[in-house]
Amino acid sequence: MQERTEERKEQTEGRHRTPKQKVNKSRGIAAVFFAMLSLLAIAALLFVFFYFRKENEALKQELKEMEAVEAIAVSDEMYTEEEVSQLLAEQAQTLDMEARERFLEELKEQATSGNGTVLMLRHFFPDQIVFADAGQYYFMDINDALQKHPYVNDNLVVTENNEYRYYENEQLVTHKGIDVSSYQGAIDWQQVAADGVEYAIIRLGIRGYGSEGRLVLDEYFVRNIEGATAAGVEVGVYFFTQALTPEEAREEADFVIEALSPYNLQCTVVLDVEDVNASSARTNVLTMEQWTDNCIAFFDRIEEAGYRPMIYGNLKTFMLMLDLTRIEQYPKWFAAYTPYFYFPYAFDIWQYTDTAKVAGITGNVDMNISFYDFSLQ
């Protein structure tokens, strides 16, 4: 569930989309020269992190192995491009050239494998959660007190048509699902079911961005939930929140409960929590504590009504916006478009792409795998 440009203009719903990096083939001397400059820029950036994060034990071991100088401690976990440039200017004369040559060899290996900057940083900082947002790089310590997921990358299979499947003891243990909204338009749910889709998480509604914060039912919600259930596709629903207070969060929950009342379902109800890249977003003012308070208020009301609450988000949601220690008991639906498990904490559903193709749906659709059976929810 990522942000669509047209809804940003209408100030209705937020779906944060991270631009996909693309690598163009180099042609000619100028292109090669540019590529080398880019490589050196990445190398310089990585050198800063190698030399200035003393507290990272894995990094210190890497430096010892490369016989590099002792790192200078930096307590911050966020770096801007300007800060990186300043550190480079201050420390350019202290770099060990022999260590630099060895490091560049490893960097070249990472670069030639097609990895972007964030993936290379993750390679060199395996004991931290590394991600980028709004031109800044974040290095977050992993909380040992939080429950971790048990999934193993070696058990993940990506099929020829780019569908993800997870096996244990050679048995498929995940379930194929999609999430849909009015973006998909009219859906032929019989064809969707015939294409092997076991469940669909359907957008029930949203709260608008503006000061009014109007609650709006998704225009395709009724036909989607009725069409999916008639076709034998299990369903859950999600609501995009812009609540500012626990009172507004409970109002959103009541809106969901009322919309579900005509249907005899005990389904999963997901709260969609995302940062909105729009100046008009009501939730731009919220702190981590306020975001978390609002989620808990929503979940309490949903549980009282007999539904299974769940929270949707990406790395930014779970690392910067919410206090995971306060919402650990709630199932999580995690969005990350990578062919490996990176988020270390427990989650039940993985949204791994927003460009899947499914029979009965025109255009792209979000695809998920779940580690539990929706028919037993």
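Residues numbered from 1 in each chain as written. Predicted model: local features only at pLDDT ≥ 70, side-chain atom pairs only at ≥ 80, totals over all residues. Heavy atoms only, no water.

Chemist: Explanation requested: the overall build of the protein in the structure shown.
Modeler: The helix and strand inventory of the protein stands at 11 helices and 15 strands. For the protein, the residues scored as buried account for 51% of the 377 residues in total. A sequence separation of at least 24 residues applies to 65% of the contacts in the protein between residues at least 6 apart. Element-wise, carbon and sulfur atoms account for 49% of the exposed surface of the protein, whose accessible area totals about 18,400 Å². (Helix = DSSP H or I, 4+ residues; strand = E, 2+ residues; numbered from the N terminus. Buried < 20%, exposed > 50% of the residue type's maximum accessible area, 1.4 Å probe, protein only. Contact = heavy atoms within 4.5 Å. Areas by Shrake-Rupley, 256 points an atom, 1.4 Å probe, with all protein chains shown as cover.)

Chemist: Even after reading the chapter, I still don't get the sheet that holds strand β4 (residues 156-158), so can you show me in this structure?
Modeler: To summarise the sheet geometry, strands pair through backbone hydrogen bonds and adopt either a parallel or an antiparallel arrangement. The strand order across the open sheet formed by three strands is β4-β5-β6, and the pairing between neighbours is antiparallel. Only two strands of the sheet have a single neighbouring strand rather than two, namely β4 and β6 (171-172). (Pairing = 2+ DSSP bridges.)

Chemist: I keep staring at the side chain of Ser370 and nothing clicks. Help me out?
Modeler: Assignment of secondary structure puts Ser370 in strand β15 (residues 365-370). Of note is the side chain of Ser370, whose polar atom sits 2.8 Å from the backbone oxygen of Tyr372. Each residue touching Ser370, except ones within four places of it in the same chain, is listed here: Val173, Thr174, His175, Tyr199, Asp348 and Ile349. (Polar contact = N/O pair within 3.5 Å; in protein donor to acceptor, adjacent residues only side chain to side chain.)

Chemist: Whenever I open this one, the packing of aromatic side chains confuses me. Can you help?
Modeler: All chains considered together, the criterion is met by 31 aromatic pairs. Relative to Phe341, the ring of Tyr151 has its centre 5.4 Å away and its plane inclined at 40°; by these criteria the two rings are tilted. Of this pair, Tyr151 sits in the loop between β3 (136-141) and β4 while Phe341 sits in the loop between β13 (332-335) and β14 (349-356); the two residues are 190 residues apart in sequence, bridging distant segments of the chain. On the basis of relative accessible area, Phe341 is assigned to the buried category, the value being 9%. Plain terms: the ring middles of Tyr238 and Trp333 are 6.3 Å apart, the flat faces sit at 80° to each other, and that makes the pair edge-to-face. Within this pair, whereas Tyr238 is found in strand β10 (residues 234-240), its partner Trp333 is found in strand β13, the two being separated by 95 residues in sequence. As far as the burial class goes, Tyr238 and Trp333 line up, both buried. Taken together, Tyr151, Tyr164, Tyr166, Phe318, Phe334, Phe341, Phe343, Tyr345, Phe347, Trp350, Tyr352 and Phe371 form an aromatic cluster joined through their ring pairs. We note Arg122 situated over the ring of Tyr342; from NZ or CZ to the ring centre the distance is 3.8 Å. (Phe/Tyr/Trp six-rings, centres within 6.5 Å; stacked < 30°, edge-to-face > 60°. Lys NZ or Arg CZ within 6 Å of the ring centre and 35° of its normal.)

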